[in-house]
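Each chain is listed here by its residues.
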Amino acid sequence: MEVVYEGKSKIVYKGETDGTFIIKYKDSATAGNGAKKQEFAGKGAVNAKITKILFELFEQSGIETHYIKTIDETTVLVKKAEIVQVEVIIRNIAAGSFSARYGIPEGKILPFPTVEHSLKSDALNDPLINESHILALELASEKELKEMSEKALKINEIMKDFYKKANLTLVDFKLEFGRFENRIILCDEISPDSCRLWDSKTGQKLDKDIFRRDLGDLMTAYNEVLRRATNV
Ligand code: TMP
């Protein structure tokens, strides 16, 4: 298959038919923009399964995603979208860079979900970017920005409810959107690599912070998220 793009955790291939890509989830985990890197056998398959469960849930609520079908454990067929070069981050609880940047203790519940954007650029370390800058740099139109924020907040409500049933608290997450036939659709993945998930009762971290902060066995946590998500 012809490689279109290889990222830190995924390889994108040309699909067999026009208008499609094939995405393979890799087992690598990176943190600090690639400064820390490790392989975790089975991570790609677990992330592919969790993403499929969530993307199918969003489709049921009328949020279009790039997902078409699963090819094998680590490979999916998706719509060929043009990725908007802006990441959308939603936060329900202070953590990570938000806590560090503003001096807010991790775990402080925010009065409402916040929407933030960062520029998709490994070379620049994905810097925070505001809406005025996004418009000035023509990374997205005003209409697209509004649509992405609205969809991201709706996804937040769906995912919060879903994970609550799995005894998990959705702290924050990152989304990527793409343009497909003049529509904005959800792309990329949503997995414990791109969300913070805490056990609702104990507060135990069950996401990539385990790897970022050396807190224990990553795959035990990811498999537990998959197990709970499968049983909702
Ligand atoms: P942050 O607190 O490090 O800014 O991360 C916020 C959320 O976004 C967290 O769930 C991890 C996710 N995220 C990614 O998936 N990819 C990224 O490149 C960054 C910076 C964050």
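Because the structure is a prediction, the values reported are computed rather than measured.

1. Comments concerning the sheet that holds strand β6 (residues 67-72)
On the basis of which strands lie adjacent, the open sheet formed by five strands has the order β1-β2-β3-β7-β6 and antiparallel pairing. In this open sheet, the two edge strands, each paired with only one partner strand, are β1 (3-6) and β6. Along the sheet, successive strands turn relative to each other by an average axial angle of 25°, direction set aside. As paired elements, strand β3 (residues 20-25) and strand β7 (residues 75-79) share five bridges and run antiparallel to each other. Along β7, the bridge assignment pairs K24 with T75. Contacts between helix α1 (residues 43-60) and the sheet are confined to β3 and β6, with β6 contributing the most and set at about 150° to the helix.

2. Some words on the pairing of strand β13 (residues 195-199)
Counting buried positions over the five residues of β13 gives five, a clear majority of the element. Side chains of β13 alternate between two faces, with C195, L197 and D199 and R196 and W198 buried alike. The sheet contact formed by strand β11 (residues 168-180) and β13 spans five bridges and is antiparallel. Paired with F173 across the strands is C195, a residue of β13.

3. With respect to the side chain of H117
Mapped onto the elements of the fold, H117 is located in strand β9 (residues 109-119). According to the relative accessible area criterion, H117 is buried, its value standing at 4%. Beyond its immediate sequence surroundings of up to four residues, H117 is in contact with V86, E87, V88, P127, L128, I129, E131, I134, L145 and S149.

4. Here's the deal with the state of the cysteines
Counting across every chain of the model gives zero disulfides. Just so you know, C187 is unpaired, no disulfide at all, and the nearest cysteine sulfur is the one on C195, 16 Å from it.

5. Some thoughts on the site of the ligand
Taken together, 15 residues surround the ligand, and among them R91, S97, D172, K174 and R196 come closest. R91 places a polar side-chain atom, nitrogen or oxygen, 2.9 Å from an oxygen atom of the ligand. Within the contact set of the ligand, an oxygen atom lies 2.5 Å away from a side-chain nitrogen or oxygen of S97. Within the complex, the protein chains bury 79% of what would otherwise be the 450 Å² of accessible surface of the ligand. Looking at side-chain class alone, the shell around the ligand contains four nonpolar, three polar and eight charged residues.

6. Remarks on unusual backbone geometry
Backbone phi values are negative for most residues with the exception of glycine, while trans is the configuration of most peptide bonds. Phi is positive for N125, which is not a glycine, with a value near 65°. Mapped onto the elements, N125 comes out in the loop between β9 and β10 (128-129). Residue classification places N125 among the exposed residues on the basis of a relative accessible area of 52%. Not every positive phi belongs to a glycine, and E138 is a case in point at roughly 55°.

7. Here we look at the nonpolar core
Of all hydrophobic cores here, the largest spans 55 residues; its most connected members are F58, I155, M159, Y163, L175, F177 and I190. With eight residues, helix α4 (residues 142-165) is the single largest residue contributor to this core. Aside from chain neighbours lying at most four places away, what touches I190 is I50, T51, L54, F55, F58, I155, M159, L175 and C195.

8. Some points on helix α6 (residues 218-230)
Between the first and last C-alpha of α6 there are 18 Å, a value that for 13 residues agrees with the 18 Å anticipated at 1.5 Å per step. Every buried residue of α6 is accounted for by L218, M219, A221, Y222, V225, L226, R228 and A229.

9. A look at the packing of aromatic side chains
Overall, the coordinates contain four aromatic pairs when judged by the stated rule. Each ring, one from F55 and one from F58, has its centre 6.1 Å from the other, and the planes form 40°; the classification is tilted. With F55 and F58 both in helix α1, this residue pair falls three residues apart, about one helical turn. Centroid distance F162 to Y163: 5.3 Å. Interplanar angle 70°. Geometry classified as edge-to-face. Taking NZ or CZ as reference, K36 lies 4.8 Å from the ring centre of F211, over its face.

About the criteria used
- Residues numbered from 1 in each chain as written.
- Predicted model: local features only at pLDDT ≥ 70, side-chain atom pairs only at ≥ 80, totals over all residues.
- Heavy atoms only, no water.
- Pairing = 2+ DSSP bridges.
- Helix = DSSP H or I, 4+ residues; strand = E, 2+ residues; numbered from the N terminus.
- Axes fitted to C-alpha atoms, helices over the stretch in contact; angles between N-to-C directions.
- Contact = heavy atoms within 4.5 Å.
- Buried < 20%, exposed > 50% of the residue type's maximum accessible area, 1.4 Å probe, protein only.
- Disulfide = S-S within 2.5 Å.
- Near = heavy atom within 4 Å.
- Polar contact = N/O pair within 3.5 Å; in protein donor to acceptor, adjacent residues only side chain to side chain.
- Areas by Shrake-Rupley, 256 points an atom, 1.4 Å probe, with all protein chains shown as cover.
- Nonpolar A, V, L, I, M, F, W, Y, C, P; charged D, E, K, R; others polar.
- Core = buried A, V, L, I, M, F, W, Y, C linked by side-chain atoms within 4.5 Å.
- Expected span 1.5 Å × (residues − 1).
- Phe/Tyr/Trp six-rings, centres within 6.5 Å; stacked < 30°, edge-to-face > 60°.
- Lys NZ or Arg CZ within 6 Å of the ring centre and 35° of its normal.

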